[in-house]
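Commentary on secondary and tertiary structure
The chain contents come next:
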Amino acid sequence: MIDPDLYAFPALWRHYRQCRRNKRNTRNALAFEINAEAHLLALQQELRAHTYRPGRSICFVTDGPKPREVFAADFRDRVVHHLLVSHQERLFEPRFIHDSYACRTGKGTLAASDRLMTFLRQITANGRRPAWALKLDVANFFPSIHKATLSALLARHLSHPELLWLTRTLLFHDPTTNYHFQSRDASGPGPGSPHYPVPPQ
């Protein structure tokens, strides 16, 4: 059952507390925490008036043999993400297949690895016969999703008008239009530089 008041202050406070668990030492989280109650009340007012818009994101490049460009939401927007996901989970969690492990309570990388090992033991008869595996990645997956189609699919299951409005507000936000580039190397090349580690798609 979805709370008719999605933006009740106790709910916003609860999601703020959840959001700061792993982000408490970041600059944006600390700035928000200095006057958290006032920030949450202002956020609540914007959500209720439908004037809320996601803020400036942080762009950075992950380490590794294949650099990956990430646009991370501002801490204030992460609170809104927590709020939205808590309601969407109730609707969509029962619809997911068992072997879907990303961003699900009680699952994750370790559970996926354990499940893979179970399948490997089954298909190879505990290593006594050969088997083939296909490892692949969809290039530029999330940016390539057709948002209008996704919105229409989500709308079939989101009857609550506020939940639908907030989903569309976040879905159609383009973080690449307003961001701050952050690099461990102060002189590191940013987007637009020919030496930027992530090639344009």
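Only a predicted model underlies this, so the values are computations on that prediction, with no experimental measurement involved.

**Focus: the overall build of the protein chain**
Counting secondary structure elements, the protein chain contains eight helices and three strands. Tracing the protein chain from N to C terminus, the helices and strands come up as α-α-α-β-β-α-α-α-α-α-β. Judged by the C-alpha coordinates and their principal axes, the protein chain covers about 65 × 50 × 35 Å. Taking contacts inside the protein chain between residues at least 6 apart in sequence as the whole, the part at least 24 apart equals 66%. Of the roughly 14200 Å² that the protein chain leaves accessible, carbon and sulfur atoms contribute 57%. Placing the 27 positive and 17 negative side-chain charges of the protein chain at their respective mean positions leaves the two points 6 Å apart.

**A look at the environment of Ala31**
Structurally, Ala31 is set in helix 2 (residues 27–34). On the basis of relative accessible area, Ala31 is assigned to the partly exposed category, the value being 45%. A sequence separation of 44 residues divides Ala31 from Phe75, and the C-alpha atoms of the two residues are 9.3 Å apart.

**Describing helix 1 (residues 9–19)**
Taken as a whole, helix 1 has its buried residues at Ala11, Leu12, His15, Tyr16 and Cys19. Buried residues of helix 1, seen end-on, are gathered within an arc of 135° and therefore sit on one face of the element. The inward-facing, buried residues of helix 1 contact helix 2, helix 3 (36–49) and helix 4 (75–92).

**Focus on the nonpolar core**
In this structure, Leu47, Tyr52 and Leu166 are the most contacted members of the largest nonpolar core, which totals 25 residues. Every element with two or more residues in this core is listed here: helix 1, helix 2, helix 3, helix 4 and helix 8 (161–171). When residues in this core are grouped by element, the largest group, six residues, is from helix 4. Once residues within four sequence positions are removed from consideration, Tyr52 is found in contact with Leu43, Glu46, Leu47, Arg76, Asp77, Val80, Trp165, Leu166, Thr169 and Leu170.

**Considering the sheet that holds strand 3 (residues 179–181)**
One open sheet accounts for three strands, arranged 2-1-3; its pairing is mixed. With partners counted over all chains shown, the strands left at the sheet margins are strand 2 (69–72) and strand 3, one partner each. Between one strand axis and the next, the sheet turns through 25° on average, direction left out of account.

**Some remarks on the pattern of salt bridges**
For side chains of opposite charge, pairing can occur when their charged atoms come near one another. Here the structure, examined in full by the defined rule, presents five salt bridges. Between Arg76 and Glu46 there is a salt bridge, with the nearest N and O atoms lying 2.8 Å from each other. Note that Arg76 is positioned in helix 4 and Glu46 in helix 3, a separation of 30 residues in sequence.

**Remarks on unusual backbone geometry**
Of note in the backbone geometry, His50 takes a positive phi value of approximately 60° without being a glycine. Checked against the element boundaries, His50 lands in the loop between helix 3 and strand 1 (57–61). On the accessibility criterion, His50 (28% relative accessible area) is partly exposed. With a phi close to 60°, Asn126 is a non-glycine residue in the positive phi region. As for its placement among the helices and strands, Asn126 is situated in the loop between helix 5 (109–123) and helix 6 (141–144). Here Asn126 falls in the exposed class, since its relative accessible area comes to 55%.

**A short note on the confidence of the model for the protein chain**
The pLDDT averaged across the protein chain works out to 89; a share of 94% of its residues lies at or above 70. Confidence scores differ between elements of the protein chain, with helix 6 showing the lowest mean pLDDT of 84 and helix 3 the highest of 97.

**A look at the packing of aromatic side chains**
Across all of its chains, the model carries seven aromatic pairs by this definition. On the basis of an interplanar angle of 25° and a centroid distance of 6.3 Å, the ring pair of Phe9 and Trp13 is categorised as stacked. Taken together, the positions of Phe9 and Trp13, both in helix 1 and four residues apart, correspond to about one turn of that helix. Consider the rings of Phe71 and Tyr179, whose centres lie 5.3 Å apart with planes at 80°: the pair is edge-to-face.

About the criteria used
Within any chain, residue numbers begin from 1 and follow the written order of that chain's sequence. Totals for whole chains, interfaces and linings use all residues, but because this is a predicted model, local features are given only for residues with pLDDT of at least 70 and pairs of side-chain atoms are given and counted only at 80 or more. Side-chain calculation: all heavy atoms of the structure are included, whereas hydrogens and water are not. Under the scheme used here, helices are H or I runs from DSSP no shorter than 4 residues and strands are E runs no shorter than 2 residues, and both carry numbers assigned from the N terminus. Note on contacts: a residue pair is in contact if any heavy atoms of the two residues lie within 4.5 Å. For the accessible areas, the method is Shrake-Rupley and the probe is 1.4 Å, while residue cover comes only from the protein chains on display. Counting rule for charge: Lys and Arg are taken as positive, Asp and Glu as negative, and neither His nor the chain ends is counted. Every charge is mapped onto a representative atom, which is NZ of Lys, CZ of Arg, CG of Asp or CD of Glu. When a residue's accessible area, from a 1.4 Å probe over protein chains only, is under 20% of the maximum for its type it is buried; when over 50% it is exposed; and in between it is partly exposed. As used here, the arc belongs to the directions running from the helix axis to the C-beta atoms. For our purposes a nonpolar core is just a set of buried Ala, Val, Leu, Ile, Met, Phe, Trp, Tyr and Cys residues, chained together by side-chain atoms within 4.5 Å. What makes two strands pair is DSSP finding at least two bridges between them. Lines fitted to the C-alpha atoms define the axes, with helices restricted to the stretch that makes contact. Angles between their N-to-C directions range from 0 to 180 degrees. Just to be clear on terms, a salt bridge is a Lys or Arg side-chain nitrogen sitting within 4 Å of an Asp or Glu carboxyl oxygen. pLDDT is a per-residue confidence score from the predictor, ranging from 0 to 100. The aromatic pairing rule takes the rings of Phe, Tyr and Trp, using the six-membered ring of Trp, and pairs them if the centres are within 6.5 Å, calling planes under 30 degrees apart stacked, those over 60 edge-to-face and the rest tilted.

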